[in-house]
Amino acid sequence: MIAEILSIGTELLMGQIANTDAQYISRRLAELGVNLYRHTTVGDNPARVKEALGEAIARADIVITTGGLGPTEDDLTKEMVAEFFGLPMEMHAPSLEALTERMNRLGREITPNNYKQAMMPRGAIVMPNLRGTAPGAIVESGQKAVAILPGPPHEMQDMFERQLAPYLHARTGVRIDSRFLHVCGIGESSLETLLLDLFHSENPTLALYCGAGEVQARLSARVGANEDSAPLLDPLEKEIRRRAGRAVYGEGRNLTLAAAVVNALRAAGKTVACAESLTGGMLASRLVDVPGASSVLGEAYVTYSNEAKMRLLGVSKDTLRQFGAVSAQCAREMAEGARRASGADFALSTTGIAGPDGGTPEKPVGLVYVGVASTSGCEVQELHLRGERDWIRELTCVNALNALRLALG
């Protein structure tokens, strides 16, 4: 099955909102074994919507639209689909009843334009909206179909999962299961070289996606509706882990490096503290983003000035005078001082030059030191990072978290 996504809304074209609907639908179609070759975005203009719909339906088996289901005059998606297929619009009594009940429950009065939302193309498969007032629909014509979804993401996602996904699943008879391995410490090009022969398989398939300081490997297997994908995915995952070793820090679509670190600390019964200069609290924030981080992170210090480094972390004045704040010696004393002051099992430190100013030939922008202190001592990494200020700070956090992950064993 070939699908296309037709996103409708002038606000999308003007950049007022991001098209997260298309991103979500694209991912779910891949998982359902539906081929997706094009996205199209068109404004709230009847002629252009109808033109875009005609082009999409000529290429695809199913067109999935989002947006244009509200009560206002420019919400015309259903009307354009009905007109395209030569179908009249009819009042759908169950939708009107659901709309009335919802408005009464919210204490809102129904206005005449609300009734428009209960009008449907004749013969459409109506998809109730359990999160809003605009029901969706599936209009079939021969081997072609148009699925009409609301624009608000929480409404669209709920309708997709409850109603459109089962419809697509029944039509395709197949699905695509994916696993996501997260790799840190090996660059994308190096990882691709390491795994080169594994990309030649047709089923399962392997793809790499580069992120901030790490790489995500997607393993996908196409199977029948009732088949188990594990016999295809397990051997591939095992081989990737064998080759990449400890650089693989976990599996899961939404796993983050910070979550992997928090989980490892919790499993080991260990705690961590942070001492930050150029990252300015970003490192601690990454950890706090993980639910349950309070069990492993008790204290964090933002010591941007030399005075703060001395007063809060015990960095010596002589170290700062001789080597400077951006040095391996300072990073070591920051980490050791944070560990001593907090009583944590581990402490991370970051110091460096994020730019755009402040660099010198001896200490250029992007020079960063990351320290990891523990009962066995303190290890310091010297990094030479490139990019804009925020990117350097982001990569510093990634390197610090990964250093702690490796230190945990």
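In the nomenclature of an unreviewed UniProt entry, the protein is known as Putative competence-damage inducible protein of Candidatus Alectryocaccomicrobium excrementavium. In the Sequence similarities (unreviewed entry) part of its UniProt record, the protein is described as follows: "Belongs to the CinA family."

Caption draft 1: Structural detail: the overall build of the protein. The helix and strand inventory of the protein stands at 14 helices and 17 strands. Here the C-alpha atoms of the protein give a radius of gyration of 27 Å, more than 25% beyond the 22 Å that 2.2 N^0.38 yields for 409 residues. Dimensions of the protein, computed from C-alpha atoms along their principal axes, come out at roughly 85 × 50 × 40 Å. Across the 409 residues of the protein, 47% fall into the buried class. Contacts spanning at least 24 positions in sequence make up 68% of the contacts within the protein whose residues lie at least 6 apart. In the form shown here, the protein has an accessible surface area of approximately 19300 Å², with 50% of it arising from carbon and sulfur atoms.

Caption draft 2: Inspection of the UniProt feature "domain: MoaB/Mog" (unreviewed entry) in the protein at higher detail. In this structure's numbering, the residues bearing the UniProt feature "domain: MoaB/Mog" (unreviewed entry) are residues 4-171. Counting secondary structure, residues 4-171 comes out at 42% helix and 23% strand; the distance between its end C-alpha atoms is 16 Å.

Caption draft 3: Up close: the side chain of Glu 31. Tracing the backbone shows Glu 31 in helix α2 (residues 20-31). The contacts of Glu 31, once residues within four sequence positions are left out, are Arg 175, Ile 176 and Arg 253.

Caption draft 4: Molecular detail of the pairing of strand β1 (residues 2-8). A large share of β1 lies buried, amounting to six of its seven residues. Taken together, the seven bridges between β1 and strand β2 (residues 35-42) define a ladder with parallel strand orientation. Across the sheet, residue Ile 5 finds its bridge partner in β2, namely His 39. Where β1 and strand β3 (residues 62-66) come together, five bridges link them in parallel fashion. Along β3, the bridge assignment pairs Ile 5 with Ile 64.

Caption draft 5: Layout of helix α9 (residues 257-268). With 12 residues, α9 should cover 16 Å at 1.5 Å per step; its first-to-last C-alpha distance of 17 Å lies within 8% of that length. Regarding α9, the residues found buried are Leu 257, Ala 258, Ala 259, Ala 260, Val 261, Val 262 and Leu 265.

Caption draft 6: Summary view of the pattern of salt bridges. A complete count under the given rule lists 21 salt bridges for this structure. Measuring nitrogen to oxygen at the nearest pair gives 2.5 Å for the salt bridge that ties Arg 122 to Glu 90. Here Arg 122 is found in the loop between β5 (119-121) and β6 (125-127), whereas its partner Glu 90 is found in strand β4 (residues 89-91), with 32 residues between them in sequence. On the accessibility criterion, Arg 122 (48% relative accessible area) is partly exposed. Among the ionic contacts, a cluster of salt bridges with common partners joins Arg 27, Arg 28, Glu 31, Glu 161 and Arg 253.

Caption draft 7: Seen up close, the packing of helix α3 (residues 46-59) against helix α4 (residues 77-85). Interhelical geometry of α3 versus α4 gives an angle of 55° and a closest axis separation of 10 Å. In terms of orientation, α3 lies oblique with respect to α4. For the pair α3 and α4, the sense of crossing is right-handed. Residue-level contacts link Pro 46, Val 49, Lys 50, Leu 53, Gly 54 and Ile 57 of α3 to Met 80, Val 81, Glu 83 and Phe 84 of α4. By residue class, the composition of the contact of α3 with α4 is seven nonpolar, one polar and two charged.

Caption draft 8: Quick peek at the packing of α2 against helix α6 (residues 153-172). Viewed as axis vectors pointing N to C, α2 and α6 meet at an angle of 25°, and their least axial separation amounts to 11 Å. Classed by the angle they form, the pair α2 and α6 counts as roughly parallel. Both α2 and α6 take part in a crossing whose hand is right-handed. Across the interface between the two elements, Thr 20, Asp 21, Tyr 24, Ile 25, Arg 28 and Leu 29 of α2 pack against Pro 153, Met 156, Gln 157, Phe 160, Glu 161, Ala 165 and Leu 168 of α6.

Caption draft 9: Region of interest: the state of the cysteines. The final tally for this structure, using the stated rule, is zero disulfides. Among the cysteines around Cys 210, which has no disulfide bond, Cys 184 carries the closest sulfur, lying 11 Å off. Residue classification places Cys 210 among the exposed residues on the basis of a relative accessible area of 53%. Cys 274 supplies the cysteine sulfur nearest to Cys 397, a cysteine that is in no disulfide, at a spacing of 8.8 Å. With a relative accessible area of 1%, Cys 397 lands in the buried category.

Caption draft 10: Quick look at unusual backbone geometry. Cis geometry marks the peptide bond from Asn 203 to Pro 204, where omega comes out at 10°. Structurally, Pro 204 can be placed in the loop between α7 (188-194) and β10 (205-210). Here the residue pair Gly 355 and Pro 356 is connected by a cis peptide bond, since its omega of 5° sits within 30 degrees of zero. Its place among the elements puts Pro 356 in the loop between β15 (346-352) and β16 (367-374).

Caption draft 11: Representation of the sheet that holds strand β9 (residues 174-184) within the structure. Across the sheet, four strands lie side by side as β10-β11-β9-β12; this open sheet has antiparallel pairing. Each edge of the open sheet is held by one strand with a lone partner, namely β10 and β12 (248-251). Across the sheet, the mean angle from the axis of one strand to that of its neighbour is 25°, orientation sign disregarded. Where β9 lies against strand β11 (residues 214-224), 11 bridges are found, and the strand directions are antiparallel. Residue pairing across strands places Ser 178 opposite Ser 220, the latter belonging to β11.

The rules behind the values
- Residues numbered from 1 in each chain as written.
- Predicted model: local features only at pLDDT ≥ 70, side-chain atom pairs only at ≥ 80, totals over all residues.
- Heavy atoms only, no water.
- UniProt positions renumbered as here; feature names shortened; annotations may be inferred.
- Helix = DSSP H or I, 4+ residues; strand = E, 2+ residues; numbered from the N terminus.
- Rg over C-alpha atoms; globule rule 2.2 N^0.38 Å.
- Buried < 20%, exposed > 50% of the residue type's maximum accessible area, 1.4 Å probe, protein only.
- Contact = heavy atoms within 4.5 Å.
- Areas by Shrake-Rupley, 256 points an atom, 1.4 Å probe, with all protein chains shown as cover.
- Pairing = 2+ DSSP bridges.
- Expected span 1.5 Å × (residues − 1).
- Salt bridge = Lys/Arg side-chain N within 4 Å of Asp/Glu carboxyl O.
- Axes fitted to C-alpha atoms, helices over the stretch in contact; angles between N-to-C directions.
- Parallel < 35°, antiparallel > 145°, perpendicular 65-115°, else oblique.
- Left-handed = near helix turned anticlockwise from the far one by under 90°.
- Nonpolar A, V, L, I, M, F, W, Y, C, P; charged D, E, K, R; others polar.
- Disulfide = S-S within 2.5 Å.

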